[in-house]
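Listed below are the residues making up each chain.
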Amino acid sequence: MSKRVLAIAIAALLVGGVYSVANAGVEGDFCFDFYIIPQTQIAQVTKIDLNFEGLLNLDITISGLTISTFMAFGMAGIETAVFDLETTIGFLDIYDEFWFSVPYAGDLKDTRLDDTLYFVKKRVSLTATLGGLTVNSLIIFEDLNFTYPMDPALVGTQEWAFGMCLTLSGQTVSGIGIKSLAGINCEPQIPNEIKKYVAMGTVQTTELGFTVEKIWITGIEIAGIKISNYTEFRPDQPIYNKMTFATSIMGISLSVALATTDITNIGTLAGITFTAALSDYITLTWVDKNASLAFDDDDTITVKAVFPIQTATLTATLTSRPLLGITSAKFALKLPVPVGTFTGTLTYGGSPLTWNKFDFVLASTVGGLDVTLSASFGLYGLNYADVMICVPFSA
C-alpha cells in the first residue's frame, strides 16, 4: 500500500468521523506525552534527548456501531494508527482491527528506521455466549517481519501469515470452571506490540498448524480443600501440568502448587510453591524449584507485607536465597496528596544487597485535565522523566 493511498484512506476515515459527529456519540481523549532522557549522567547540567508525542483515542458510536481510532504522533511524524469497528449482531460480538505503524529499532532513544507507515496487522475477534458457554475466536493476519523493536535488515520486506486463537469457557452446574485456549499457528498469551500499542495474541510461522492447547479447571472443592489444575500441550513436547491445593487453617490461608514438566512422569516434580497468607497484610511464599522440600539451590522465600497507615499504603517485598540472604527488596508507598495520588517505589537488588532505582508517579486531575508526572532514578542518576497531559472529551 503506497503512502499516498494510505494517506487518502486515513483522511477519508477522519472526514467520515467528523461528518457523523452531529448524529453520533463521540468520546475519547488526546494526550500530550513529553519525556526526557539524559545522554550522560555525569553532571547536574548535561545534554538530553527530548521526545514529544501526541496520542489520540477517538470513539464514535452510530446506531450500535462504534468506530474507534488510535493514533500516535511524534516529532518525526505519525508513528502508529489503529482503526477498529465494534458492534453486536444477535448473540455475536464483533471487534475488527486494522494496524498501521512505522518501524522503530526500539532502543532507549527509539530510532526511526523508515518514514513509511506500513499496514502490518489485521485482527478480528468474534465472541458469542450460548447456554452459559462463551466462545471467542481471534483471527489474525499479520506481517511476521514487523516487530517492535524491529530488525533494521527486515525493513521493507513483508512476510504474511495467518493464525487463530480459540477460547472456550464456562461453568458446570456445580460451579466448576473450565476454560480451554487453543492456538492454531497462534500464541494467545504473548503480547503483540507495535509502537505505543499492544494486544495479546500473535502469529508464529507461515505454516498453519497446531501450536498450543491450554486447559484450566477451577472451583473443585473436596473436604474444604479447593483444587485447581492447569495443563499445557505443545507439539513434540512433554505435557506440562500444575495443580494447586488451597485451604484455610485457623484463619491462615494456605496453598500448595505442584508443577511437572511431564505429566506422564508424575513422580518427577519440576517445582513446588508454598504460599501462606498469615493475615490480610502478610504473605509468605516459598518456591522450591527442585521439589526437594529443603531450602537449597535456587529456591526463594518471599515475604510481602502491606501496611495501611491512615490514608496511605506501604508495601514491602523481600526475597531471599540460600547462603546469599536477601537478594531483592522493594518498598512502595502510595498516598493521597492535595493534588492527586503519589506513588514512590524504591528497589534494591543483588548480593550483597545494593540500591537499584527509585521510581515515582504523581497522578492528578487539574481543571479537567488528567496529568501524570513520572521519573526513574538509577544507580548513575536520572533514567528518564515523563510528563503526560490528557484532555478527555465527549459529545
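Reading the values: rules and limits
Residues numbered from 1 in each chain as written. Predicted model: local features only at pLDDT ≥ 70, side-chain atom pairs only at ≥ 80, totals over all residues. Heavy atoms only, no water. Helix = DSSP H or I, 4+ residues; strand = E, 2+ residues; numbered from the N terminus. Buried < 20%, exposed > 50% of the residue type's maximum accessible area, 1.4 Å probe, protein only. Contact = heavy atoms within 4.5 Å. Areas by Shrake-Rupley, 256 points an atom, 1.4 Å probe, with all protein chains shown as cover. Lys, Arg positive; Asp, Glu negative; His and termini not counted. Charge placed at Lys NZ, Arg CZ, Asp CG, Glu CD. Disulfide = S-S within 2.5 Å.

A. Focus on the overall build of the protein. Helices and strands together make up the secondary structure of the protein, namely one helix and 24 strands. The principal-axis extent of the C-alpha atoms belonging to the protein is close to 65 × 60 × 45 Å. For the protein, buried positions account for 32% of its 395 residues. Sequence separation of at least 24 residues holds for 35% of the intrachain contacts in the protein that already meet a minimum separation of 6. Of the roughly 22000 Å² that the protein leaves accessible, carbon and sulfur atoms contribute 65%. Of the charged side chains in the protein, 21 are positive and 37 negative, and the gap between their average positions amounts to 4 Å.

B. Structural view of the state of the cysteines. Counted by the stated rule, this structure contains two disulfides. Through a disulfide, C31 is tied to C390; the S-S separation comes to 2.0 Å. For the disulfide bridge between C31 and C390, the dihedral angle about the S-S bond is near 105°, and by the sign convention the bridge is right-handed. With C31 in strand β1 (residues 25-38) and C390 in strand β24 (residues 381-394), this pair connects stretches of sequence that are 359 residues apart. Here C165 pairs with C186 through a disulfide, and the sulfurs are 1.8 Å apart. Measuring handedness by torsion sign, the sulfur bridge of C165 and C186 sits at about -60° and is left-handed. With a gap of 21 residues between them, C165 in strand β8 (residues 160-171) and C186 in strand β10 (residues 186-194) connect regions that are remote in the sequence. Look at C186 and you get buried, because its relative accessible area is 0%. When the bonded cysteines of the protein are numbered from the N-terminus onward, they pair as 1-4, 2-3.

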